[in-house]
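# Architecture and fold: a report
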Amino acid sequence: MGIAFDFAQDRPEHINEILNGLDRYNPETTTVFQDYVTQQCEDRTYDCYANLALLKLYQFNPHLTRDETTTNILVKALTVFPSPDFSLCLHLLPPHILHPSSTSSSLPAAGDAPLSEAVQKLTTLNTLLSQADYRGFWNTLDSDDLYADLVADVNGFEELMRVRIAVTAGQSCREVDRRVLESWLQLHGQEFERFILEICGWGLDETTGGPGGVVLIPVNKENEAKETVVRENVKFDQFSRIVKRAYEQPA
Amino acid sequence: MALYQRAPYSTADAQQLMEDESDQEEEALVNDYKEQVQFDDGMSDLAQVTSGGGGVQDMQAQLAAAATPLEYQATLETKFASYDNYCSLFHYILNSDGPVDLEVPSYYWAWDVIDEFIYQFESFCRYRNRVARTSPTDDEAQVLRDNPNTWGCYSVLNVLYSLIQRSQINEQLAVMKRNEDPMSVAGEYGTRPLYRMLGYFSIIGLLRVHCLLGDFSLALKTLDDIELNKKAMFARVMAAHFTTYYYVGFSYMMMRRYADAIRMFSHILVYVSRTKNFQKNAQYDSITKKNDQMYALIAICVAFNPTKLDDTIHTALREKYGDQLTRLQRGGPDALPLFEELFRSACPKFISPTPPDFDNPEINVDPVDHHLAIFMEEVKNTMWSPTVKSYLKLYATMDLKKLAGFLEVEPEKLRGWLLVNKQRSRQVRWNEGGLLDGDVVNTNDLDYAMQGDLIHISEAKVGRRLVDWYLRNLARTY
């Protein structure tokens with residue numbers, strides 16, 4: 001079953017109304033969307049389509065921009081990697097945020113040097129995640145207090161990231177060396193075991209593999225890698241012209 | 001909103017624009033309409049705007065001008081005047097007492113006017129941004145600075161949304177989908193061809209504007225009520241048909257739905273190649289450039305998402321971008337400049353919705369650079385996928401450390417590449433419903449799973465395709 005990009009399960013009715021009407025351009029709805037972002041951060045829901053609408057309002061009305069909300073939206077987008085959401089958000093940010101000129105830091109008029117720095121920090125994280133360098137992601141996250149500040153508003157950020165990383169691991173692997181997975185998830189010892197056994201429902205075999213054993217991931221649709229033969233799908237429509245010709249030119 | 005504001009100097013330039021219209025045929029049309037059409041009282045409102053001469057001729061000139069490109073070297077004054085011309089025209093169409101009776105110059109007029117309106121908006125925004133970047137102290141910059149609302153984003157969107165709402169076109173299209181009579185919901189305005197066509201093409205116009213502003217999901221959402229097929233209304237105007245598919249395909253590409261993007265580009269390019277003999281030359285020339293751009297975009301999408309293309313497209317792509325395509329498909333750092341070059345040559349001319357900052361010229365980045373940079377991030381993240389795939393194709397099982405040795409990279413790095421390639425092979429692909437709908441499918445013929453350091457590789461084999469061959473030979477026997 002597919003899920004449309006603009007669909008969000010937990011979207012309240014009043015947000016839905018704004019999104020489907022012209023009020024999505026009304027600067028007065030900015031606060032409504034901002035509150036909605038705060039709510040998403042608190043109760044771990046996510047609505048990219050609504051967040052993009054808010055970024056669009058900021059794009060049209062730069063004076064309304066709230067840096068904190070912008071970064072919160074980006075952090076929320078990180079939690080659904082490897083989807084394109086993070087990039088889609090970047091596309092709506094003012095171009096100079098991503099392209100700081102050498103003088104911008106000495107320019108108080110630009111006024112958004114902190115935002116620019118924050119966005120670049122988050123972009124670094126996004127790049128590491130997109131390149132599946134999960135160890136690098138955790139190391140970078142721990143390397144600077146600014147990161148902690150940025151993700152502070154997003155309730156359960158680390159756990160959301162772990163679940164997401166586990167999902168991508170489950171896609172590609174049937175067995176993973178425990179030490180590798182530990183570094184991907186930044187979890188060790190009992191915490192690690194609890195996570196993979198209880199939350200992921202995976203197994204642990206301590207007898208094989210290197211020290212610590214291997215984590216067993218049950219077969220799913222993505223990691224079975226089965227041979228398939230794609231057969232041609234023939235539709236009657238393809239023959240409609242032939243059939244028509246047969247009637248037009250009786251032998 | 002700025003739609004209702006009018007600058008004082010519209011007359012002289014409107015006159016000048018009119019004189020640009022020396023085309024014999026349109027002159028004849030104007031005369032023709034002069035005899036036929038009697039304007040009602042709604043004109044008195046407009047007469048104040050175009051304060052010169054007889055109303056009828058002015059109106060026709062205004063209609064014709066609205067659908068005619070400005071001269072390449074048009075001055076800033078002409079651009080401002082053109083904006084005012086659009087404002088007064090749309091104001092008249094939208095805000096008179098009840099629907100207005102206008103005989104439009106041609107069937108294509110509604111498309112041409114929306115197309116030209118957005119084109120002028122686009123080029124004005126780009127021009128303004130360029131002036132702010134390169135010569136922020138010029139007189140022109142001062143004029144631009146003093147008129148921040150001219151060609152404002154809100155007023156352009158306001159026009160398009162108003163035309164859509166007045167004509168009830170979305171309601172009409174929704175009803176048509178259910179095979180019911182659109183006139184039942186069209187209302188006083190929407191029953192008239194003028195409003196219907198303007199409303200319809202405004203939807204396509206919105207698609208384009210959203211795309212130019214970098215809002216790709218909203219661009220696709222805009223087309224919810226339009227069914228993309230040859231029976232669609234836009235298919236009757238070649239340029240509209242073409243534009244629609246270009247922007248839909250591009251938006252899909254930016255959402256990383258490469259299979260859908262390829263489907264869109266292929267559809268329209270096949271259509272163009274089959275109909276090019278019937279196209280009038282002038283019309284065909286105008287789409288040649290966009291045609292090449294779409295081939296470039298297909299080349300990019302195919303590099304991301306190797307797939308079997310339609311024969312016609314494949315041959316043409318080899319002809320136009322043979323070398324480049326091979327290099328793109330090989331991936332790696334060598335391909336990066338090529339991705340950049342092709343993207344730059346084929347992307348829409350992105351704009352920024354707000355006036356630039358004339359006081360800080362260095363922070364006015366060209367929006368094209370902005371979107372390109374974001375796109376290139378994704379290219380960089382996935383640039384090793386072709387390398388990985390080319391090796392995996394050769395084996396049924398493979399040891400990760402051994403493969404890392406072949407590729408001369410750290411095993412953990414390779415593990416990352418394998419994860420990335422796997423993630424990117426899962427793509428959302430449209431199946432039914434709105435353009436934003438879709439199912440996650442495996443778009444790659446190569447699949448694999450890691451068991452510790454052992455990579456199990458499987459391939460999806462494609463069975464023989466017989467229908468095309470059968471149909472071709474059958475056609476020959478007739």
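Residues numbered from 1 in each chain as written. Chains lettered and ligands numbered in written order. Predicted model: local features only at pLDDT ≥ 70, side-chain atom pairs only at ≥ 80, totals over all residues. Heavy atoms only, no water.

Basically, it comes down to this: UniProt positions are given in the numbering used here, feature names are shortened, and annotations may be inferred rather than shown by experiment.
Chain B is annotated in an unreviewed UniProt entry as Eukaryotic translation initiation factor 3 subunit L from Lasallia pustulata. Taken verbatim from the UniProt record of chain B, the Sequence similarities (unreviewed entry) comment is "Belongs to the eIF-3 subunit L family." Quoted verbatim from the Subunit (unreviewed entry) heading of the UniProt record, the comment on chain B is "Component of the eukaryotic translation initiation factor 3 (eIF-3) complex."

Per an unreviewed UniProt entry, chain A goes by Eukaryotic translation initiation factor 3 subunit K and derives from Lasallia pustulata. Taken directly from UniProt, the Sequence similarities (unreviewed entry) text for chain A runs: "Belongs to the eIF-3 subunit K family." According to UniProt, the comment filed for chain A under the heading Subunit (unreviewed entry) is "Component of the eukaryotic translation initiation factor 3 (eIF-3) complex."

### Re the overall build of chain B
Note the following rule: The way it works is that DSSP assigns letters per residue, a run of H or I at least four long becomes a helix, a run of E at least two long becomes a strand, and they are numbered from the N terminus. Classification of residues uses two cut-offs on accessible area relative to the type maximum, computed with a 1.4 Å probe and protein chains only: under 20% is buried, over 50% is exposed, and between them is partly exposed. A 1.4 Å probe and the Shrake-Rupley method give the accessible areas. Residues count as covered only by the protein chains that appear here.
A count of helices and strands for chain B gives 22 helices and five strands. Looking at chain B residue by residue over its 478 residues, the buried ones come to 57%. Accessible area of chain B: about 21,000 Å², with a carbon and sulfur share of 48%.

### A closer look at the interface of chain B and chain A
Under the convention used in this document: Only heavy atoms matter for contacts: two residues are in contact if any of them lie within 4.5 Å across the pair. Buried area is calculated as the accessible area (1.4 Å probe) missing from two parts once they are joined, with the contributions of both summed. Salt-bridge detection follows one rule: a side-chain nitrogen of Lys or Arg within 4 Å of a carboxyl oxygen of Asp or Glu. Distance and chemistry together define a polar contact, namely a pair of N or O atoms within 3.5 Å, with one atom able to donate a hydrogen and the other to accept it when in protein, and with adjacent residues in sequence counting only for side-chain atoms on both sides.
Taken together, the 67 residues of chain B in the interface contact 67 residues of chain A. Surface buried jointly by chain B and chain A totals about 6,000 Å² across both partners, of which 58% is contributed by carbon and sulfur atoms. Viewed at the interface, chain A and chain B are joined by three salt bridges. Ionic pairing is found between aspartate 215 of chain B and lysine 56 of chain A, a salt bridge with its closest N-O pair at 3.2 Å. Across the contact surface, chain B and chain A share 24 residue pairs in polar contact (both at pLDDT 80 or more).

### What about the side chain of lysine 121 of chain A?
Within the secondary structure layout, lysine 121 of chain A lies in helix α7 (residues 113-130). Leave out the neighbours within four places in its chain, and lysine 121 of chain A touches Asp144, Leu146, Tyr147 and Leu150 of chain A.

### Looking at the packing of aromatic side chains
Residues and elements named next belong to chain B. Rule in force here: The criterion for an aromatic pair is that two Phe, Tyr or Trp rings (for Trp, the six-membered ring) have centres within 6.5 Å, with stacked assigned to planes under 30 degrees apart, edge-to-face to planes over 60 apart and tilted to the rest. Charge over a ring is defined by NZ of Lys or CZ of Arg lying within 6 Å of the ring centre and within 35 degrees of the ring normal.
By the definition in use, this model includes 31 aromatic pairs over all chains. By way of ring pairs, the aromatic residues Phe216, Tyr246, Tyr247, Phe250, Tyr258, Phe304, Phe339, Phe343, Phe350 and Phe375 are connected into one cluster. It is lysine 79 that lies over the ring of tyrosine 127; its NZ or CZ is 3.9 Å from the centre. Here lysine 422 stacks its cationic end above the ring of tyrosine 448, 5.5 Å away from the centre of that ring.

### Remarks on the pattern of salt bridges
Inspection of every chain in the model, using the stated rule, returns 31 salt bridges over all chains. As a salt-bridge pair, glutamate 222 of chain A and arginine 426 of chain B come within 2.1 Å of each other at their nearest N and O atoms. Highlighted residues: glutamate 222 of chain A in the loop between β3 (214-216) and β4 (228-230) and arginine 426 of chain B in strand β2 (residues 426-429), drawn from two different chains. The exposure class of glutamate 222 of chain A is buried, given its relative accessible area of 19%. On the basis of relative accessibility, which here comes to 11%, the residue arginine 426 of chain B falls in the buried class. Residue arginine 426 of chain B is joined to aspartate 447 of chain B by a salt bridge in which the shortest nitrogen-to-oxygen separation is 3.3 Å. One end of the pair, arginine 426 of chain B, is in strand β2; the other, aspartate 447 of chain B, is in strand β4 (residues 446-451), with 21 residues separating them in the sequence.

### Considering the nonpolar core
Rules: Within this scheme, the nonpolar core is defined by two criteria: the residues are buried Ala, Val, Leu, Ile, Met, Phe, Trp, Tyr or Cys, and they are joined through side-chain atoms within 4.5 Å.
If you look at the biggest cluster of nonpolar residues, it comprises 212 residues, and the most contacted ones within it are Leu181 of chain A together with Phe201, Phe234, Phe250, Met253, Phe343 and Ile455 of chain B. When residues no more than four places from it in sequence are discounted, the contact partners of leucine 181 of chain A are Ala169, Val176, Phe192, Ile196, Trp202 and Val215 of chain A.

### Here we look at the environment of aspartate 359 of chain B
Residues and elements named next belong to chain B. For aspartate 359, the location among the structural elements is in the loop between α17 (336-346) and α18 (367-381). When its relative accessible area of 57% is taken as the criterion, aspartate 359 is described as exposed. Along the primary structure aspartate 359 and proline 333 are separated by 26 residues, whereas in three dimensions their C-alpha atoms are 38 Å apart. A distance of 3.0 Å separates the side chain of aspartate 359 from the side chain of arginine 145, its partner in a polar contact.

### Here we look at the packing of helix α5 (residues 76-95) of chain B against helix α8 (residues 153-167) of chain B
Residues and elements named next belong to chain B. To keep it simple, the criterion reads: For helices, the axis comes from a line fit to the C-alpha atoms of the stretch in contact; other axes are also lines fit to C-alpha atoms, and the angle between any two N-to-C directions lies between 0 and 180 degrees. To sort the angles, those under 35 degrees are grouped as roughly parallel, those over 145 as roughly antiparallel, those from 65 to 115 as roughly perpendicular, and the leftovers as oblique. A crossing counts as left-handed when the near helix is turned anticlockwise from the far one by less than a right angle, and as right-handed when that turn is clockwise. Ten residue types, Ala, Val, Leu, Ile, Met, Phe, Trp, Tyr, Cys and Pro, are classed as nonpolar, four, Asp, Glu, Lys and Arg, as charged, and the remainder, Gly among them, as polar.
One way to put it is that α5 packs onto α8 with a least axis distance of 11 Å and a crossing angle of 25°. Put simply, α5 runs roughly parallel to α8. The two elements α5 and α8 meet at a crossing, and its hand is left-handed. When α5 is examined against α8, the residues Tyr83, Phe90, Leu94 and Asn95 are found in contact with a partner set consisting of Ser155, Val159, Ser162, Leu163 and Arg166. Taken together, the residues of the contact of α5 with α8 break down into five nonpolar, three polar and one charged.

### Points about a positive patch on the surface
Definition in use: For patch detection, residues must exceed 30% relative accessible area and be free of salt bridges, and they are connected within 9 Å for like charges or within 5 Å for nonpolar side chains (Val, Leu, Ile, Met, Phe, Trp, Tyr). Charge assignment in this entry is limited to Lys and Arg as positive and Asp and Glu as negative, and neither His nor the chain termini are counted. The location of each charge is read from NZ of Lys, CZ of Arg, CG of Asp or CD of Glu.
Taken together, Arg241, Lys244 and Arg245 of chain A together with Arg274 of chain B make up a surface patch of like positive charges. Looking at the secondary structure, you find arginine 274 of chain B in helix α14 (residues 258-275).

### Description of a nonpolar patch on the surface
Together, Val163, Val167 and Ile199 of chain A give the surface a local cluster of nonpolar side chains, amounting to about 220 Å² of exposed area. Here valine 167 of chain A shows up in helix α10 (residues 157-172).

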